[in-house]
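Remarks on the overall topology
Letter by letter, the chains look like this.
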Amino acid sequence: MEFASVRRIVTGHDAAGRAIIQDDGPVQRVQRVGGDIGPMFHEVWNTQATPAPLDAASGEPAETGIILAPPRNGTRIRVLDIPPEGDGIRTMSPEEARAHFAEVGAHDASAHHGEGSRHALMHRTETIDYGIVVEGELVLIMDEGETTVRAGDIVIQRGTNHGWSNRSDRNCRIVFILIDGAFDDDLKR
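Bear in mind the structure is a predicted one, so any value in this text is a computation, not a measurement. (Residues numbered from 1 in each chain as written. Predicted model: local features only at pLDDT ≥ 70, side-chain atom pairs only at ≥ 80, totals over all residues. Heavy atoms only, no water.)

Examining a nonpolar patch on the surface
The grouping of Tyr130, Ile154 and Ile156 at the surface amounts to a nonpolar patch, some 290 Å² of accessible area in total. Note on placement: Ile154 falls in strand β9 (residues 154-158). The class of Ile154 is exposed, set by a relative accessible area of 53%. (Patch = residues over 30% accessible without salt bridge, like charges linked within 9 Å, V, L, I, M, F, W, Y side chains within 5 Å. Areas by Shrake-Rupley, 256 points an atom, 1.4 Å probe, with all protein chains shown as cover. Salt bridge = Lys/Arg side-chain N within 4 Å of Asp/Glu carboxyl O. Helix = DSSP H or I, 4+ residues; strand = E, 2+ residues; numbered from the N terminus. Buried < 20%, exposed > 50% of the residue type's maximum accessible area, 1.4 Å probe, protein only.)

In structure tokens:
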């Protein structure tokens, strides 16, 4: 399956303090996670502090690889292309699911425990995530219940255990803005 590139336009300031377009081109950090059955991650930008430092012309803070959660006290925006789900996900073992999440530095995020798990890629992160579907549809699976989200729908994911299932026959493109969070004492595992 081919995935369209994501264009990123970054603004900044010139030496005189005037607003400029600093960078305009395709996102450079792109990686498919989980082999042929997994989603394509298009890493757009991250911040590594709150408030985020604003200067004249720096670029995105450096990172190595693809990391699921945002930096501590930071944010992340990414585009995910999630292909139609097949048997590779439906029959995934808990060990395979943990390996899938380990590819994005989140081995402990996996909540798949085998028989009785709602979905092989159920997971939980200590973040607030805004998910905006721009193309296609996904099923958002929770511990209790599920709902279909379509182009134009926005999901506010508040540190809950969840999974995404593309039960359609076409790609789903969703934009995620992730914000570092902290679980209240009663929500810690």
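Having seen the structure, we can now continue with the description.
A closer look at the UniProt feature "domain: Cupin type-2" (unreviewed entry) in the protein
In this structure's numbering, the residues bearing the UniProt feature "domain: Cupin type-2" (unreviewed entry) are residues 118-177. Taken as a whole, residues 118-177 contains 0% helix and 58% strand, while its terminal C-alpha atoms sit 25 Å from one another. (UniProt positions renumbered as here; feature names shortened; annotations may be inferred.)

Brief notes about the environment of Ala97
Tracing the sequence through the fold places Ala97 in helix α2 (residues 94-102). For the pair Ala97 and Leu54, spaced 43 residues apart in sequence, the C-alpha to C-alpha distance is 38 Å. Among all residues touching Ala97, those that are not within four sequence positions of it are Met92, Ser110, His112 and Ala120. (Contact = heavy atoms within 4.5 Å.)

Here we look at the nonpolar core
One finds Phe41, Leu68, Val104, Leu138, Trp164 and Ile174 to be the most contacted residues of the largest nonpolar core, which totals 25 residues. Contributions of two or more residues to this core are made by β5 (75-82), α2, β7 (137-142) and β11 (172-180). It is β11 that contributes the most residues to this core, four residues altogether. Those residues within four positions of Val104 in sequence are excluded, and the remaining contacts are Val33, Phe41, Ile66, Ile67 and Leu68. Membership of the second largest hydrophobic core comes to five residues, among which are Val6, Val27, Val79 and Val175. (Core = buried A, V, L, I, M, F, W, Y, C linked by side-chain atoms within 4.5 Å.)

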